[in-house]
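Given next are the chains, with one letter for each unit.
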Amino acid sequence: MAGVVAAEHEHPQKAIGWAAQDQSGILAPFKFSRRATGEKDVTFKILYCGICHSDYHFIKNEWGNSVYPAIPGHELAGVVTEVGSKVTNFKVGDRVGVGCIVGSCRTCDNCVGNQESYCPKMILTYGSTYYDGTLTYGGYSNIYVVDEHFAVKIPDTIALEAAAPPFSAWNHGS
């Protein structure tokens, strides 16, 4: 992916995840970093991450578009550890989930209609280029930073370990 900045050299929040370094798909510990919590961001500790068949296809490059190192995982559930100054829907300690989309243009007809999964500039939880030029790494890691629009509050009545898998099909926080 041309022009991608290596996140392990770019961001202030130290993180560790399980990454494939090539299409063998073998996952091994990988140190990298996440961006600082922005004004509309929610940072959370990942406690659970579901396993989806698409994670396997991605780390094995079976679709021909994988970027390495690849940290899969788009069914995230955890607890908020920090919120940006303009976040209105979350507070520290809230239970949070994230699905397969973590960014979009927010201005096209699809985004305005809360159909970000059809946005031509959609940013996926892993294997995409984020606004700042860094590669997105998924939920097989210890922390995640996401715009609150792409996160959902998980009710206390749902066990976190049961909450993560359904986020595979969930697209945005509206």
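Note that the structure is predicted; figures quoted are calculated from it, not measured. (Residues numbered from 1 in each chain as written. Predicted model: local features only at pLDDT ≥ 70, side-chain atom pairs only at ≥ 80, totals over all residues. Heavy atoms only, no water.)

Peer 1: So what exactly am I meant to see when it comes to the sheet that holds strand S9 (residues 151–153) here?
Peer 2: Adjacent strands of a sheet pair through backbone hydrogen bonds, lying either parallel or antiparallel. Pairing is antiparallel in the open sheet, where five strands are placed in the order S8-S3-S4-S5-S9. This sheet does not close on itself; its edge strands, each paired only once, are strand S8 (143–147) and S9. Between one strand axis and the next, the sheet turns by 45° as a mean value, whatever way the strands run. Pairing geometry for strand S4 (residues 76–83) and strand S5 (residues 95–98), over four bridges, is antiparallel. What sits directly across from Val-79, in S5, is Arg-95. (Pairing = 2+ DSSP bridges. Helix = DSSP H or I, 4+ residues; strand = E, 2+ residues; numbered from the N terminus. Axes fitted to C-alpha atoms, helices over the stretch in contact; angles between N-to-C directions.)

Peer 1: Please explain the nonpolar core as it appears in this structure.
Peer 2: Nonpolar side chains in soluble globular proteins tend to be buried together. Counting residues in each nonpolar core, the largest one holds 17 residues, and the members touching the most others are Phe-44, Phe-90, Val-98, Tyr-144 and Val-146. Looking at this core, the elements with two or more residues in it are strand S3 (41–49), S4, S5, strand S6 (101–103) and S8. At three residues, S3 tops the list of elements feeding residues into this core. Each residue touching Tyr-144, except ones within four places of it in the same chain, is listed here: Arg-34, Val-42, Thr-43, Phe-44, Ile-46, Leu-76, Val-102, Thr-125, Tyr-137 and Gly-138. (Core = buried A, V, L, I, M, F, W, Y, C linked by side-chain atoms within 4.5 Å. Buried < 20%, exposed > 50% of the residue type's maximum accessible area, 1.4 Å probe, protein only. Contact = heavy atoms within 4.5 Å.)

Peer 1: Explain the packing of aromatic side chains to me, please; I cannot follow it from the model alone.
Peer 2: What describes a pair of aromatic rings is the distance from one ring centre to the other and the angle between the planes of the rings. Applying the stated criterion across every chain yields a total of six aromatic pairs. A ring pair is formed by Phe-58 and Tyr-126, whose centres lie 4.8 Å apart and whose planes are at 55°; its orientation type is tilted. Here the residue Phe-58 occupies a position in helix H1 (residues 53–59), and Tyr-126 occupies one in the loop between strand S7 (123–124) and S8, the gap between them amounting to 68 residues. Since its relative accessible area comes to 6%, Phe-58 is described here as buried. Joined through ring pairs, the aromatic side chains of Phe-30, Phe-32 and Tyr-137 make up one cluster. The aromatic ring of Phe-90 is capped on one face by Lys-153, whose charged end is 5.8 Å from the ring centroid. (Phe/Tyr/Trp six-rings, centres within 6.5 Å; stacked < 30°, edge-to-face > 60°. Lys NZ or Arg CZ within 6 Å of the ring centre and 35° of its normal.)

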